[in-house]
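Take a look at the letters that make up each chain.
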Amino acid sequence: MLMVNGRVLVMYTLTTPSIYYSGRFINFDDSDSNSDDYASNLSVYPNPNNGIFTMELSSDREIEISNILGEKIMIKFLPEGQNQINMNDQPNGIYFVKIITGNKQEVIKIIKEN
């Protein structure tokens, strides 16, 4: 866990090859620890991918995608449900998808390969 500007940043790294990621936002504010308002299910697949992947969100979210150098290559607002992300214009490599919910962030590592 990492605190950045008062925000909790949670980062997941897959240590074995996987085609599916499923995660959950975690609330670190004790006063609201029993509230589902701060929890959100999400799925990202396939991973690795060929430049096109799907994000399933349980509610509307803002995402930022950055390359390994930290350069933002995409900022989008995604509605609840299935959303297809197209990164065909980007080279193969490692990217980080930041899912933003209020003052909480979750980062998922994805790999683009052909």
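Note that this is a predicted model, so its numbers are computed, not measured.

1. Regarding the overall build of the chain
Per the secondary structure count, the chain includes zero helices and 10 strands. Taken from the N to the C terminus, the helices and strands of the chain come in the order β-β-β-β-β-β-β-β-β-β. Across the 114 residues in the chain, those meeting the buried criterion constitute 39%. For the chain, contacts bridging at least 24 residues in sequence account for 48% of all contacts bridging at least 6. Counting only carbon and sulfur atoms, one obtains 49% of the accessible surface of the chain, whose full area is about 6800 Å².

2. Quick word on the pairing of strand β4 (residues 41-45)
Most of β4 is tucked away: four of the five residues are buried. In the sheet, β4 pairs with strand β5 (residues 52-57) via four bridges, with the strands oriented antiparallel. Across the sheet, residue Leu42 finds its bridge partner in β5, namely Leu57. Counted between consecutive antiparallel strands, the loop separating β4 from β5 contains six residues, among which Gly51 sits at a positive phi close to 115 degrees.

3. Digging into the confidence of the model for the chain
Parts of the prediction with low pLDDT should not have their coordinates interpreted in detail. Confidence in the prediction of the chain, expressed as mean pLDDT, is 77, and 65% of residues score 70 or more. Across the chain, the secondary-structure element scoring lowest on mean pLDDT is strand β3 (residues 21-24), at 49, and the one scoring highest is strand β7 (residues 72-78), at 97. With pLDDT under 50 throughout, residues 13-21 is counted as low confidence; its partners more than four residues away or in other chains account for 19 contacts. Contacts from residues 24-39, a stretch scored under 50 in pLDDT, to residues over four places away or in other chains number 27 contacts.

4. Focus: unusual backbone geometry
Pro46 follows Tyr45 through a cis peptide bond whose omega is -10 degrees. A cis geometry characterises the amide bond from Asn47 onward to Pro48, with omega recorded as 5 degrees. You can see Pro48 is positioned in the loop between β4 and β5.

Rules of the game
- Residues numbered from 1 in each chain as written.
- Predicted model: local features only at pLDDT ≥ 70, side-chain atom pairs only at ≥ 80, totals over all residues.
- Heavy atoms only, no water.
- Helix = DSSP H or I, 4+ residues; strand = E, 2+ residues; numbered from the N terminus.
- Buried < 20%, exposed > 50% of the residue type's maximum accessible area, 1.4 Å probe, protein only.
- Contact = heavy atoms within 4.5 Å.
- Areas by Shrake-Rupley, 256 points an atom, 1.4 Å probe, with all protein chains shown as cover.
- Pairing = 2+ DSSP bridges.
- pLDDT = per-residue confidence, 0-100.

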